[in-house]
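Each chain, letter by letter, is given below.
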Amino acid sequence: AQSVTQPDIHITVSEGASLELRCNYSYGATPYLFWYVQSPGQGLQLLLKYFSGDTLVQGIKGFEAEFKRSQSSFNLRKPSVHWSDAAEYFCAVGVAGGFKTIFGAGTRLFVKA
Amino acid sequence: SQTIHQWPATLVQPVGSPLSLECTVEGTSNPNLYWYRQAAGRGLQLLFYSVGIGQISSEVPQNLSASRPQDRQFILSSKKLLLSDSGFYLCAGRDIRAGELFFGEGSRLTVL
């Protein structure tokens with residue numbers, strides 16, 4: 001069965017520090033991979049996506065993610081975190097040709113001054 | 001760009017009462033539409049999806065139902081709410097030429 005695992009329920013980083021959020025997926029075919037961000041009480045916004053090609057993808061707000069097929073991972077990174085990055089982050093995998101999207105449980109990011 | 005309008009934003013309902021959440025889509029035609037429920041710490045659970053008018057598929061058996069009376073309208077309903085129906089409900093769409101979802105702002109349902 002397809003699944004997405006985000007092993008960290010919450011992470012706290014200092015403003016200006018680097019960030020890496022982990023994501024592992026389970027899917028037999030080539031996946032479509034996504035990272036979304038959600039501010040409290042709001043909908044989700046797409047940060048970046050990977051369908052094929054270059055395994056390092058750039059997204060909005062200075063985020064990037066790297067697809068590693070051998071590790072079934074798609075970790076999200078940002079070199080310098082800003083206070084406005086505090087939110088919940090969801091990794092997701094598109095299956096059935098992208099028709100269905102399966103989400104991880106999310107990682108809540110806290111940023112301290 | 002695609003936009004989803006979802007309402008009401010907040011709803012407090014007694015157990016056993018009916019429910020109707022609605023969303024409408026702008027900026028695309030014939031989208032795939034989805035209803036998700038979000039519980040704290042549990043990610044998003046897909047409830048229903050639709051590939052066209054009148055076509056509804058259910059992912060999780062429950063006392064909720066969905067309908068798609070028009071191409072860009074998607075409705076989530078219940079005849080009798082349970083306490084366990086409380087949660088944050090998100091309507092999402094997908095342009096059939098793209099892979100990613102776009103989301104509404106969500107509806108917070110509290111069943112008392």
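Heads up: these notes are all about the structure in this document. (Residues numbered from 1 in each chain as written. Chains lettered and ligands numbered in written order. Predicted model: local features only at pLDDT ≥ 70, side-chain atom pairs only at ≥ 80, totals over all residues. Heavy atoms only, no water.)

Focus: the packing of aromatic side chains
Okay, step 1: Evaluated as defined, the whole model comprises 17 aromatic pairs over all chains.
Okay, step 2: Seen in terms of ring centroids, A:Tyr50 and A:Phe74 are 6.5 Å apart; in terms of plane orientation they differ by 45 degrees. Their pairing is tilted. Within this pair, whereas A:Tyr50 is found in strand β6 (residues 44-50), its partner A:Phe74 is found in strand β9 (residues 73-78), the two being separated by 24 residues in sequence.
Okay, step 3: Looking at A:Tyr50, the relative accessible area reads 5%, which means it is buried.
Okay, step 4: In this structure A:Phe74 comes out as buried when scored by relative accessible area, which is 0%.
Okay, step 5: Between A:Phe99 and B:Tyr34, the ring centres sit 6.1 Å apart and the planes meet at 50 degrees, which makes this aromatic pair tilted. With A:Phe99 in the loop between β10 (87-95) and β11 (100-103) and B:Tyr34 in strand β4 (residues 32-38), this pair bridges two chains.
Okay, step 6: The class for A:Phe99 is buried, based on a relative accessible area of 18%.
Okay, step 7: In this structure an aromatic cluster arises from ring pairing among A:Tyr32, A:Phe34, A:Tyr36, A:Phe51, A:Phe99, A:Phe103, B:Tyr34, B:Tyr36, B:Tyr49 and B:Phe103. (Phe/Tyr/Trp six-rings, centres within 6.5 Å; stacked < 30°, edge-to-face > 60°. Helix = DSSP H or I, 4+ residues; strand = E, 2+ residues; numbered from the N terminus. Buried < 20%, exposed > 50% of the residue type's maximum accessible area, 1.4 Å probe, protein only.)

What about the interface of chain B and chain A?
Okay, step 1: Contact with chain B, which involves 20 residues of that partner, is made by 19 residues of chain A.
Okay, step 2: Of the roughly 1600 Å² buried between chain B and chain A, counting both surfaces, carbon and sulfur atoms make up 56%.
Okay, step 3: At the junction of chain B and chain A, the tally comes to 2 salt bridges.
Okay, step 4: Remark: the boundary between chain B and chain A carries 7 residue pairs in polar contact (both at pLDDT 80 or more).
Okay, step 5: Elements supplying a minimum of two residues to the side of chain B that touches chain A: β4, β5 (44-52) and β9 (87-94) of chain B.
Okay, step 6: In terms of residues, the side of chain B that touches chain A owes the most to one element, β4(B), which gives 4 residues.
Okay, step 7: Split by residue class, the side of chain B that touches chain A holds 9 nonpolar, 6 polar and 5 charged. (Contact = heavy atoms within 4.5 Å. Buried area = accessible area lost by both parts, 1.4 Å probe. Salt bridge = Lys/Arg side-chain N within 4 Å of Asp/Glu carboxyl O. Polar contact = N/O pair within 3.5 Å; in protein donor to acceptor, adjacent residues only side chain to side chain. Nonpolar A, V, L, I, M, F, W, Y, C, P; charged D, E, K, R; others polar.)

Topic: the sheet that holds strand β8 (residues 73-78) of chain B
Residues and elements named next belong to chain B.
Okay, step 1: Strand order in this open sheet of 4 strands is β1-β3-β8-β7, and the pairing throughout is antiparallel. At either margin of the open sheet sits one strand with a lone partner, and together these are β1 (3-7) and β7 (64-70). Looking at each pair of strands side by side, their axes are set apart by 20 degrees on average, direction ignored.
Okay, step 2: Looking at chain direction, strand β3 (residues 19-26) and β8 are connected through 6 bridges and run antiparallel. The residue bridging serine 20 from the neighbouring strand is serine 77, located in β8. (Pairing = 2+ DSSP bridges. Axes fitted to C-alpha atoms, helices over the stretch in contact; angles between N-to-C directions.)

Here we look at the state of the cysteines
Residue and element names in this part refer to chain B.
Okay, step 1: Across all of its chains, the model carries 2 disulfides over all chains by this definition.
Okay, step 2: Across the disulfide, cysteine 23 is cross-linked to cysteine 91 (sulfur-sulfur distance 2.0 Å). One end of the pair, cysteine 23, is in strand β3; the other, cysteine 91, is in strand β9, with 68 residues separating them in the sequence. (Disulfide = S-S within 2.5 Å.)

By themselves, these observations are geometric and do not establish any function.
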